[in-house]
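# Observations on the three-dimensional arrangement
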Amino acid sequence: MKYTTRQSAILLLSDGTIFHGKSIGISGTTFGEVCFNTGMTGYQEIFTDPSYFGQIMVATNPHIGNYGVNENEVESGGIKIAGLVCKNFSFNYSREDSSGSLEDYFVKQNLICISDVDTRALVSYIRENGAMNSVICTDGTPVEELKVALSNIPDMKGLELASKVSTKEPYFYGNENATYKVSALDLGIKTNILRNLAKRDCYIKVFPFDSTYADLASFNPNGYFLSNGPGDPEPLSSAINVAQEILKNDKPLFGICLGHQVIGLANGISTYKMFNGHRGINHPVKNLITGKGEITSQNHGFAVNKEELESNADLEITHLHLNDGTVAGMRMKNKNCFSVQYHPEASPGPHDSAYLFDQFVDNLKG
């Protein structure tokens, strides 16, 4: 019955291309950069990942919603994607520990979704033409009106979004009697990163994105962490300054994703917006130090400049993405600092790279 009464909906891309589908949940319009994730599972973790703030997510897995939702499978306080595009949406779900349906979850969190879209054609189009701004419309707004509104949406290049998802006040995570203390700069941190640090005997104080080095140092930590997050790293002057101060004081530093890019910028390495980015849980990476391969979870639309990194005497590339040769990890030769472009905490994804948290804790031991 739901299928027969659902409203027609469209996805309009900034170049004027339209994809048709059916509305799921609430009615309205939502804007964001369209991108796709190739993961076959873990949709709830993806939807709640703060790194996706401001993006309309295309799910390449043809079935979304089939195992419902679970309150323990979130990476933040709520849904962070701007909207969802999928092929087959499952109103019925089947899993013993599900706490409800994905449709109800979307309605409660006011997420606009369009299904019955030819996602294979859409992903092929994005791969050929690049990520671009788009709008999902499920309320019948005229296309010409949508085009005008879409033309006023800022491009992801140059867009600072960490402030939209960062904590407003510092908070603690883990056991206060843990052996190690870590100050974490929240640029859009995933909960599973905190879990991974806490289970390795770390007590973490999480600070807002615009905190100073003095703020982070006031916790008297054994080391520092720069988190993942959304948007362009270049506008994050405060975070770049924090990274420079940490390095100047020769303290252990670990960065993931946006944090990795901030460390690059702190060392004078530029970043650039990728044509499509990497988003999925099966991306192959080679560890150049050990020679081993890793299957990794990735979610980023920006990267550090490989040529500049190779010519910097203080830095070396530690990991390479095997699909396109982009930088997946780096370390400083004369400082206790390393970072990766991908997500060793996964959630969702494989655990091949979990050793990086062990490496960080080893660095904390001094």
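Look up a bit, the structure's there.
Below or above, wherever it landed, is the structure these notes cover. Since this is a predicted model, take the numbers as computed values, not measurements.

The secondary structure content of the chain amounts to 12 helices and 19 strands. Scaling as 2.2 N^0.38, a compact globule of 366 residues should have a C-alpha radius of gyration of about 21 Å, and the chain matches this with 20 Å. The principal-axis extents of the C-alpha atoms in the chain amount to approximately 65 × 45 × 40 Å. Counting only residues that meet the buried cut, the chain has 58% of its 366 residues in that class.

Okay, the pairing of strand S12 (residues 202–207) next. Side-chain direction in a regular strand flips from residue to residue, so the side chains alternate between the two faces of the sheet. Here S12 lies mainly inside the structure; 6 of its 6 residues are buried. Neither face of S12 is left uncovered, since the one carrying Cys202, Ile204 and Val206 and the one carrying Tyr203, Lys205 and Phe207 both have all their residues buried. Inspection of the sheet shows strand S10 (residues 171–173) paired to S12 by 3 bridges, in the antiparallel sense. Across the sheet, residue Tyr173 finds its bridge partner in S12, namely Ile204. Where strand S11 (residues 180–185) meets S12, 6 bridges bridge the pair, whose relative direction is parallel. Pairing of Leu185 across the sheet is with Phe207, part of S12. Note that the unit made of S11, helix H7 (residues 191–198) and S12 has a crossover that is right-handed.

Ordered in space as S1-S2-S8-S6-S4-S3-S9, the 7 strands form a closed barrel in which the pairing is mixed. Direction aside, neighbouring strands of the sheet carry axes that sit 35° apart on average. Both strand S6 (residues 83–85) and strand S8 (residues 112–115) contribute to a ladder of 2 bridges, which runs parallel. Residue pairing across strands places Val85 opposite Ile114, the latter belonging to S8. Where helix H5 (residues 143–151) meets the sheet, its contacts fall on strand S1 (8–13), strand S2 (18–25), strand S3 (29–37) and strand S9 (132–137), and the angle it forms with S1 comes to roughly 40°.

This part is about unusual backbone geometry. Of note, the amide linkage connecting Ser347 to Pro348 takes the cis form, showing an omega dihedral of 5°. Inspection of the secondary structure puts Pro348 in the loop between strand S19 (337–340) and helix H12 (355–364). Positioned with a positive phi, Cys257 is a non-glycine residue whose angle comes to about 60°. Position of Cys257 among the secondary structure elements: in the loop between strand S14 (253–256) and helix H10 (258–266).

Strand pairs in the sheet, formed through backbone hydrogen bonds, run parallel or antiparallel to each other. Ordered in space as S10-S12-S11-S13-S14-S19-S18-S17-S15-S16, the 10 strands form an open sheet in which the pairing is mixed. Only two strands of the sheet have a single partner each, and these edge strands are S10 and strand S16 (293–304). In this sheet, neighbouring strand axes are inclined to one another by 25° on average, regardless of whether the strands run parallel or antiparallel. Sheet topology note: the strand S18 (residues 327–332)/S19 ladder contains 3 bridges and is antiparallel. Within S19, the residue paired with Arg331 across the bridge is Phe338.

Moving on to the side chain of His343. Its place among the elements puts His343 in the loop between S19 and H12. Within the local environment of His343, its side chain forms a polar contact with the side chain of Glu345, the two groups lying 2.6 Å apart. When residues no more than four places from it in sequence are discounted, the contact partners of His343 are Lys190, Asn228, Ile256, Cys257, Ser297, Gln298 and Asn299.

As enumerated under the stated definition, the model contains 14 salt bridges in all. Among the ionic pairs, Asp97 bridges to Arg95, the shortest N-O distance being 3.4 Å. According to the relative accessible area criterion, Asp97 is partly exposed, its value standing at 44%. With a relative accessible area of 26%, Arg95 lands in the partly exposed category.

Quick look at the environment of Thr167 now. Inspection of the secondary structure puts Thr167 in the loop between helix H6 (162–165) and S10. Given a relative accessible area of 17%, Thr167 falls into the buried group. Those residues in contact with Thr167 that sit more than four places away from it in its chain are Asp186, Val206, Phe207 and Pro208. Within polar-contact distance, the side chain of Thr167 engages the backbone oxygen of Glu169 at 2.6 Å.

Thresholds, definitions, all that
- Residues numbered from 1 in each chain as written.
- Predicted model: local features only at pLDDT ≥ 70, side-chain atom pairs only at ≥ 80, totals over all residues.
- Heavy atoms only, no water.
- Helix = DSSP H or I, 4+ residues; strand = E, 2+ residues; numbered from the N terminus.
- Rg over C-alpha atoms; globule rule 2.2 N^0.38 Å.
- Buried < 20%, exposed > 50% of the residue type's maximum accessible area, 1.4 Å probe, protein only.
- Pairing = 2+ DSSP bridges.
- Right-handed = clockwise from strand over helix to strand, strands pointing away.
- Axes fitted to C-alpha atoms, helices over the stretch in contact; angles between N-to-C directions.
- Contact = heavy atoms within 4.5 Å.
- Polar contact = N/O pair within 3.5 Å; in protein donor to acceptor, adjacent residues only side chain to side chain.
- Salt bridge = Lys/Arg side-chain N within 4 Å of Asp/Glu carboxyl O.

Purely spatial values, then, with no claim about function.
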